[in-house]
Amino acid sequence: QAVLFDAIPARHREGFERDPLAGYFAMARGSADGAALEMTKWFDTNYHYLVPELQAGQDFRLRGDKPLAEWRDARAAGHQARPVLLGPVSFLKLSKCTDGSNPLDLLPRLLPVYLEWLAQLADAGVDWVQLDEPVLVTDLDPALALAYRQAYEALARGPSPRLLLATYFGGCDPELAASLPVDGIHLDLVRGPQQLATLLQTLPRDRVLSAGIIDGRGIWRSQPERVQTLLRELDEWRQAGRLWLAPSCSLLHLPYDVEQERQLAAGLQPWLAFARQKLQELRHYADWLDGDAAAEQALREQAEVLACRPQAAGVQRREVRTRIMALSPQAALRRSDVTHRRAVQAEALALPSLPTTTIGSFPQTAALRQARSGHRRGLIDDLDYQALLREEVARVIRFQEDIGLDVLVHGEPERNDMVEYFGEQLEGFAFTRHGWVQSYGSRCVKPPIIWGDIARPRPMTVAWATYAQSLTSRPVKGMLTGPVTLLQWSFVRDDLPRAEICLQLALALRDEVHDLEKAGIGVIQIDEPALREGLPLRVCEQAAYLDWAVHAFKVAAGGSQDRTQIHTHMCYSEFNEIMPAVAALDADVISIESSRSRMELLEAFQAFDYPAAIGPGVYDIHSPRVPSGEEMLELLQRALRVLRPEQLWVNPDCGLKTRDWDQVEP
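What comes next concerns the included structure.

**Digging into the sheet that holds strand β10 (residues 243-247)**
Working step 1: The sheet built from 6 strands is open, its strands ordered β4-β6-β7-β8-β9-β10 with parallel pairing. If you trace the sheet from one side to the other, it starts and ends with β4 (84-86) and β10, each paired once. On average, each strand axis in the sheet is inclined to that of its neighbour by 25 degrees, with strand direction left out of account.
Working step 2: With 5 bridges connecting them, strand β8 (residues 184-188) and strand β9 (residues 208-214) associate as parallel partners. Bridge assignment links Leu187 to a residue of β9, and that residue is Ala211.
Working step 3: Where helix α5 (residues 107-124) meets the sheet, it contacts β4, β6 (128-132) and β7 (162-166), and its direction lies at approximately 150 degrees from that of β6.

Shown next, in the form of structure tokens:
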């Protein structure tokens, strides 16, 4: 959308004009012309977006007709479709001004471009257009509420298709939403059911109400009784012919078709609905509203299947729930405070000033991926596969020693994905073969499914960590994915509070931490890149989340020895608002993504006296661009304006598995 409105940063404009496609990729991935746009999470999802860069006095113009061309393609193929664009207020609010000005000040300059685009669609015969305004479900200050009124009053004055204003991921301010001059409004009634009562009283009766009744982010079938009760409340809109039924949000966040998953655990498939099944459910509810007997029978059978789910084997494990009930407050504590631990660890590890390390993974080469695939298909036996992995670990250890890193990693050649790898070794998880969802760009992930209580039958990482440590005299980090990230990056069961599921994961990881210690591993990293991602969008709900998320991390690390240095890693997060929670994790070292933002994230640590050590990334691993030593040095010098020298670690932004060796080595 930034390209559609010609909001192209100056450093990429010349390249973009020379070759638009290459320029488009340069904005996303970086090039010789300059660094990529900053990348961050899309609200509280694991989907990422590239943050448009703006500045005071920014000019906008319409560049090309991509949305209109795609609508024409759909119409030519015989489909009714509506173009979708991010609305003007959300577009500005989710952008950043590189000069420190307020993006919302650019609204008067941006609105004429929206008006031009809408007029273009109207001239082409487009009936409806959808403007997404997800910022409406966040806490709105008066300036933001005023911006919404000004924006949509301006859009209503120009030639336009009918406007559907779409909100999702929570409940909006129903009075504000109902007051905006649009032709219809979409509500997420899965995450924000509480907004409906007020909106039904305030929404003008000539508006279309698009009811998001099916969860567009979860993979469980809907509970018919809940949805049917909701639909009965909407009968007035149905009778007036102004009720649309829809998923709660885009189906981008779901796999495609559960019918492709023929190898799922027995009994699990009937509980699940991927994108195709969500739309089939939607059809059943629409037909049920029209009195269709077959739809009523289908929903009755669905309810009967779901009613049996709590009694299925593995859904509830007595030993897991008993352990949680017996957990004491001391379980979440380290043995000593961070100051004492720092002195003990300095003696045990004997690291130099500004110690160097990497975050965890090394390149997953084509040869490694082929070997993993061959092993899964039985073409490579266990012994040969293990030998290949051991050879790769040895190569990675030698490489790190040769270039002089201080704390090493084993490179994780045995791991497919940082969540899936652990889920495969824990009871209570299930896995798909085709359940891919987009994370960013062409990068997709295959989230596991948490369907039952979590238990760890055996150690998960100890063998590889101890093998790597046997190859070197330098410390090797044990690498774990933290409980919050395991939760956030899975499809999570919907029959237990997320806090309880997270605690089950924490206890499994706690056992792993203690086994790594017993095996002689003195540095253990518990990655939590999703901690900020899980933060509720409304401030009033955030403290409760942070309490249980921090508690789960502390349980995972709790009881570890003073000499054991606990690291954690976070990426693509705005830390300012959660700094007390980050400090409360009580980790010894935190590494953070900061190279794309040019150490901007460290402002959070400047305003907060963070007691432990920090490794702000100096190398953007999501770009193939190799930064110069001078660039890295400049970033470290910026960091030292905020951090004490004894606090500073040197590391990349994230793991290196998506890069090639010819990019990693230099």
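Having seen the model, we can carry on.
**Re the packing of α5 against helix α6 (residues 142-156)**
Working step 1: Where α5 meets α6, the axes come as close as 10 Å, and the angle between the chain directions of the two elements is 35 degrees. Between α5 and α6 the crossing geometry is right-handed. Every residue of α6 that contacts α5 at Leu107, Leu111, Tyr114, Leu115 and Leu118 is listed here: Ala147, Gln150, Ala151, Ala154 and Leu155.
Working step 2: Considering only residue class, the contact of α5 with α6 consists of 9 nonpolar, 1 polar and no charged.

**Some thoughts on unusual backbone geometry**
Working step 1: The residue Phe169 is not glycine, and still its phi comes out positive at about 75 degrees.
Working step 2: By the element assignment, Phe169 lies in the loop between β7 and α7 (174-179).
Working step 3: Relative accessible area serves as the criterion here: at 5%, Phe169 is assigned to the buried category.
Working step 4: With a phi angle near 65 degrees, Asp586 is a residue other than glycine that sits in the positive phi range.
Working step 5: Note that Asp586 resides in the loop between α22 (579-584) and β19 (589-592).

**Describing the packing of helix α16 (residues 382-403) against helix α18 (residues 462-470)**
Packed helices, taken two at a time, are described by the angle between their axes plus the distance between the axes.
Working step 1: Across the interface, α16 lies against α18 with an axial gap of 10 Å and an inter-helix angle of 50 degrees. Classified by the angle their axes make, α16 and α18 are oblique. Both α16 and α18 take part in a crossing whose hand is right-handed. In contact with Gln386, Leu389, Arg390, Val393, Ala394 and Ile397 of α16, α18 contributes Trp464, Tyr467 and Ala468.
Working step 2: The residue makeup of the contact of α16 with α18, split by class, is 7 nonpolar, 1 polar and 1 charged.

**Concerning a nonpolar patch on the surface**
Working step 1: There is a patch of nonpolar side chains on the surface, built from Leu21, Tyr24 and Phe25 and spanning about 350 Å² of accessible area.
Working step 2: Among the structural elements, Tyr24 can be located in helix α2 (residues 20-29).
Working step 3: Assessed through its relative accessible area of 47%, Tyr24 is described here as partly exposed.

**A short note on the sheet that holds strand β14 (residues 449-455)**
Working step 1: What the 3 strands build is an open sheet, ordered β11-β14-β16; its pairing is mixed. Edge positions in the open sheet fall to β11 (427-430) and β16 (491-492), since each of these has one partner strand only.
Working step 2: With 3 bridges joining them, β11 and β14 adopt antiparallel strand pairing. Along β14, the bridge assignment pairs Phe429 with Ile450.
Working step 3: Sheet contacts for helix α20 (residues 498-518): β11, β14 and β16; angle to β14, the most-contacted strand, approximately 55 degrees.

Analysis parameters
- Residues numbered from 1 in each chain as written.
- Predicted model: local features only at pLDDT ≥ 70, side-chain atom pairs only at ≥ 80, totals over all residues.
- Heavy atoms only, no water.
- Pairing = 2+ DSSP bridges.
- Helix = DSSP H or I, 4+ residues; strand = E, 2+ residues; numbered from the N terminus.
- Axes fitted to C-alpha atoms, helices over the stretch in contact; angles between N-to-C directions.
- Contact = heavy atoms within 4.5 Å.
- Left-handed = near helix turned anticlockwise from the far one by under 90°.
- Nonpolar A, V, L, I, M, F, W, Y, C, P; charged D, E, K, R; others polar.
- Buried < 20%, exposed > 50% of the residue type's maximum accessible area, 1.4 Å probe, protein only.
- Parallel < 35°, antiparallel > 145°, perpendicular 65-115°, else oblique.
- Patch = residues over 30% accessible without salt bridge, like charges linked within 9 Å, V, L, I, M, F, W, Y side chains within 5 Å.
- Areas by Shrake-Rupley, 256 points an atom, 1.4 Å probe, with all protein chains shown as cover.
- Salt bridge = Lys/Arg side-chain N within 4 Å of Asp/Glu carboxyl O.

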